[in-house]
Amino acid sequence: MAHPHVVTAERPADGGCRDKRCGLPVFAILHWVGDWTARNTSIECRGLLHITLQELRCMPRVKQSDQPPPRTANYETFVNLVTEAYPNLSDRFQQVARFITQNPNVVAMQSINAIAEQCGAHPSILVRFAQNFGFSGFKQLQAVFQSRLSTAAPGYRERISALDVDLEKNKRKGNLGFLHDLVVRDIATLQELLSSTPEESLSQAAKALKNANTIFIAGQLRSEPIAKFLRYVLSMLQLRVILLDPAGGLAPEMAQVMGKKDVLVAIAFRHYAKEVVTIADVAAHNGTPMVAITDSQLSPLAKNASVLFTIPEDEYSFSRSLAAPMCLTQAIAVAVAALLQEDKKGSPQIPTVTGNQRRKP
């Protein structure tokens, strides 16, 4: 006699039964198990219920809808939920979370079997992962990623909602409340940056940029000011720099010339500018080393980064500050200057245009 599939479940305060190992509702597990357990004679939920295979077969099937549930109806919201839940997910679910957030285009365009193979997980794991976040199945989750591809600016809807919240705060606290909130948040983020940035990463990034034939920089949306600043300071150090500007829509085509002796600096934060993600994939395909400045290990830039800098942000609002990423960019530029000026005494110096003009005879 075959052994039954065992679901070890618990009954939380809300009365719903969930499996202790994966956190799925017991009904969802039973519905899923019924697809592949025809060789078993029964399914056992210890301490709760005992369902025979015949009874399982009689359970009504839940028709999967193509419309995402309201709380995960868009890509931005879903990524936020995954990021918040990530520390508490099982190892398998963390593996899936990393893959789908780091490969949004793959998830949008390929079949579940192809995605599962690349992820290194069985397709049923992807289905269970989707159900864990309120979807009826993986197809419904995939629709969220497909919608992302047709959205001009990822994160736009959520930023508008956050702006409404900020405006409401302004009514209660006044403009000084805005300043207070920004300063407090920036101080916390800068302290986290200081404590979480390894010396080794700064050294590796500086050496890569110093030795590169050409430095390509990609940063769009709110990351564009950081990319332009980095282009400025590295150019003042007499390094060959190309900013992959989105003007004209040619940035991905310009990136095709990147080679193994070049370096790409890719900058993107939730919800990750699509062209920057595409350029990072081009760099990986061409064997170009990449220095990534992003917000977490779940970022699409993390998977192929030679050097990875993560700047987490605890609070999401319309006015997300650039203080921490700009500070990190300055530190990288100073580290490069230090390597280029090893024979000089004193602190590393980055020339400025006005300074150079003053020194001209």
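Residues numbered from 1 in each chain as written. Predicted model: local features only at pLDDT ≥ 70, side-chain atom pairs only at ≥ 80, totals over all residues. Heavy atoms only, no water.

Per the secondary structure count, the protein includes 16 helices and ten strands. For the protein, the residues scored as buried account for 46% of the 361 residues in total. Summed over all atoms, the accessible surface of the protein reaches about 18800 Å², with 54% contributed by carbon and sulfur. (Helix = DSSP H or I, 4+ residues; strand = E, 2+ residues; numbered from the N terminus. Buried < 20%, exposed > 50% of the residue type's maximum accessible area, 1.4 Å probe, protein only. Areas by Shrake-Rupley, 256 points an atom, 1.4 Å probe, with all protein chains shown as cover.)

With that out of the way, let us pick up helix 8 (residues 138–149). Over its twelve residues, helix 8 runs 17 Å from end to end, which matches the ideal 16 Å to within 8%, given 1.5 Å per residue. Residues of helix 8 that are buried: Phe-138, Gln-140, Leu-141, Gln-142, Val-144, Phe-145 and Arg-148. (Expected span 1.5 Å × (residues − 1).)

Moving on, we get to the side chain of Ser-223. Structurally, the position occupied by Ser-223 is in the loop between strand 6 (215–219) and helix 12 (224–236). Residue classification places Ser-223 among the buried residues on the basis of a relative accessible area of 2%. Not counting chain neighbours up to four residues away, the residues in contact with Ser-223 comprise Ile-267, Ala-268 and Phe-269. (Contact = heavy atoms within 4.5 Å.)

The element strand 8 (residues 263–267) is largely enclosed, with a buried count of five among its five residues. The alternating pattern of strand 8 places Val-263, Val-265 and Ile-267 and Leu-264 and Ala-266 on opposite faces, both of which are buried. As defined by bridge partners, strand 8 adjoins strand 9 (residues 290–294) across four bridges and the pair is classed as parallel. Bridge pairing in strand 9 places Val-265 opposite Val-291. With helix 14 (residues 274–286) bridging strand 8 and the parallel strand 9, this β-α-β connection has right-handed handedness. (Pairing = 2+ DSSP bridges. Right-handed = clockwise from strand over helix to strand, strands pointing away.)

A sheet is described by the order of its strands in space; here five strands give the open sequence 7-6-8-9-10, paired in parallel fashion. Edge positions in the sheet fall to strand 7 (241–243) and strand 10 (307–310), since each of these pairs with one other strand and no more. Recorded for the sheet is a direction-independent mean angle of 15 degrees between the axes of neighbouring strands. Strands in contact with helix 11 (residues 199–211) are strand 6, strand 8, strand 9 and strand 10; relative to strand 10, the strand with the most contacts, it is inclined by about 125 degrees. (Axes fitted to C-alpha atoms, helices over the stretch in contact; angles between N-to-C directions.)

Below, the discussion takes up the packing of aromatic side chains. In the structure shown here, the tally under the stated rule is six aromatic pairs. With 5.4 Å between their ring centres and 80 degrees between their planes, Tyr-75 and Phe-145 make a pair best called edge-to-face. With Tyr-75 in helix 3 (residues 75–85) and Phe-145 in helix 8, this pair connects stretches of sequence that are 70 residues apart. Comparing Tyr-75 with Phe-145 shows no difference in burial state: the two are buried. Ring geometry for Phe-93 against Phe-129: centres 5.7 Å apart, planes inclined by 85 degrees, an arrangement best described as edge-to-face. (Phe/Tyr/Trp six-rings, centres within 6.5 Å; stacked < 30°, edge-to-face > 60°.)

Another aspect to go through is the nonpolar core. Core analysis: the biggest nonpolar cluster contains 51 residues, and Phe-78, Ile-100, Phe-129, Leu-141, Phe-145 and Leu-264 have the highest contact counts within it. Top element by residues in this core is helix 14. It accounts for six residues. Setting aside anything within four residues of it in sequence, one finds Ile-100 in contact with Phe-78, Val-107, Phe-129, Leu-141 and Phe-145. Judged by nonpolar contacts, the second largest core, of 33 residues, contains Leu-193, Leu-234, Ile-311 and Val-336. (Core = buried A, V, L, I, M, F, W, Y, C linked by side-chain atoms within 4.5 Å.)

Of the residues in the protein, 67% reach a pLDDT of 70 or more, and the chain-wide mean stands at 76. Mean pLDDT in the protein bottoms out at strand 4 (residues 42–45), which sits at 38, and peaks at strand 8, which reaches 97. Confidence drops under a pLDDT of 50 for residues 1–65, and excluding neighbours within four residues, the segment shows 113 contacts in the predicted structure. (pLDDT = per-residue confidence, 0-100.)

End to end, helix 12 covers 19 Å across 13 residues, agreeing with the expected 18 Å (1.5 Å per residue, within 8%). Those residues of helix 12 that sit buried are Ile-226, Ala-227, Leu-230, Val-233, Leu-234 and Met-236. Gln-238 sits one or two residues past helix 12 and shows a positive phi near 65 degrees.

On strand 10, burial follows the alternation: Val-307 and Phe-309 on one face are buried, whereas Leu-308 and Thr-310 on the facing-out side are not. Summarising the sheet, strand 9 and strand 10 pair through four bridges and their orientation is parallel. Bridge pairing links Ala-292 to Leu-308 in strand 10.

Packing of helix 4 (residues 91–102) against helix 7 (residues 123–132) brings their axes to within 10 Å, and their N-to-C directions diverge by 85 degrees. Comparing their axes, helix 7 and helix 4 come out roughly perpendicular. Across from Phe-93, Val-96, Ala-97 and Ile-100 in helix 4, the residues of helix 7 making contact are Ile-125, Leu-126, Arg-128, Phe-129 and Asn-132. When its residues are assigned to classes, the contact of helix 4 with helix 7 shows seven nonpolar, one polar and one charged. (Parallel < 35°, antiparallel > 145°, perpendicular 65-115°, else oblique. Nonpolar A, V, L, I, M, F, W, Y, C, P; charged D, E, K, R; others polar.)

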